[in-house]
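So the chains spell out like this:
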Amino acid sequence: MKFHASPSSTRVRMVENKTWLNLLADPKTEIELDLQGLQGRFEPGPGWDTETRKIGQHLVYFISGGQCAAVVHGKRMLPMAGSLSWIFPGTMFRFFSGAGGRLPVVYRFRFSVARGETAYAPAGHFRFAPQAWPVFELMRQLVLEAERPGMFSRWRKQSLVSLLSMEAFVARTAARREILLDDGQRMAISAFVAEKPME
């Protein structure tokens, strides 16, 4: 069964971080990636503005160059190169070209996590990590998977979204950061996922 999250028809249940990771590891959980027909990597122009909105899916933006401005759940932010913004379903957000500075290079995708008719999200409204370069390769792989899913897509999505989640959870507490995965472990897992043949 294909699951398509919709704010009007789907109940979103908030769970603690460990429960979220357990859900991602459960074969009964459905994970869908979505680009909504848009480019996964894009370079917006000076007038770029998503306008204030909310969607029924998770939305992830990674800024690989330049900077932009954002307002998420009423909080103003300045996403710069290396930053990760993860917006949970139903959260109001707006991303736009800020005044001055280099225009951003953005990697983005949407995803849904559900079991039956219930969609899931971590507790809260969003995660913002200003220094999240370790997730850059994960973002590239997730965008690629969203654009061209292959024969091992289910396992790739499961692994990549799990890794992205762990990095985002840890990055939030950078002041007292506990390294869940060192660089070698991250590279080994990313390499394993990247080597899976795609159709």
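Going by the structure above, here's the rest.
Residues numbered from 1 in each chain as written. Predicted model: local features only at pLDDT ≥ 70, side-chain atom pairs only at ≥ 80, totals over all residues. Heavy atoms only, no water.

*Asks:* So what exactly am I meant to see when it comes to the pairing of strand 10 (residues 118–122) here?
*Replies:* Looking along a regular strand, one sees the side chains alternate between the two faces of the sheet. Within strand 10, five of the five residues are buried, which leaves the element mostly enclosed by the surrounding structure. Taking every second residue as pointing to the same face, both faces of strand 10 are buried, with Thr-118, Tyr-120 and Pro-122 on one and Ala-119 and Ala-121 on the other. In this sheet, strand 10 lies alongside strand 1 (residues 11–15) in parallel orientation, the contact comprising five bridges. Bridging across to strand 10, Arg-11 finds its partner in Thr-118. Pairing geometry for strand 9 (residues 105–115) and strand 10, over two bridges, is antiparallel. Note on strand 10: the bridge partner recorded for Arg-115 is Thr-118. The antiparallel hairpin formed by strand 9 and strand 10 contains two residues in its connecting segment, where Gly-116 sits at a positive phi of about 65 degrees. (Buried < 20%, exposed > 50% of the residue type's maximum accessible area, 1.4 Å probe, protein only. Helix = DSSP H or I, 4+ residues; strand = E, 2+ residues; numbered from the N terminus. Pairing = 2+ DSSP bridges.)

*Asks:* Which parts of the structure should I look at to understand the packing of aromatic side chains?
*Replies:* The relation between two aromatic rings is expressed through the spacing of the ring centres and the mutual angle of the planes. Across all of its chains, the model carries 15 aromatic pairs by this definition. Each ring, one from Trp-20 and one from Phe-111, has its centre 6.5 Å from the other, and the planes form 55 degrees; the classification is tilted. Remark: Phe-111 occurs in strand 9 and Trp-20 occurs in helix 1 (residues 17–25); sequence separation between them is 91 residues. Its relative accessible area of 0% is what places Trp-20 among the buried residues. Centre to centre, the rings of Trp-133 and Phe-136 are 5.7 Å apart; their planes meet at 90 degrees, and the pair counts as edge-to-face. (Phe/Tyr/Trp six-rings, centres within 6.5 Å; stacked < 30°, edge-to-face > 60°.)

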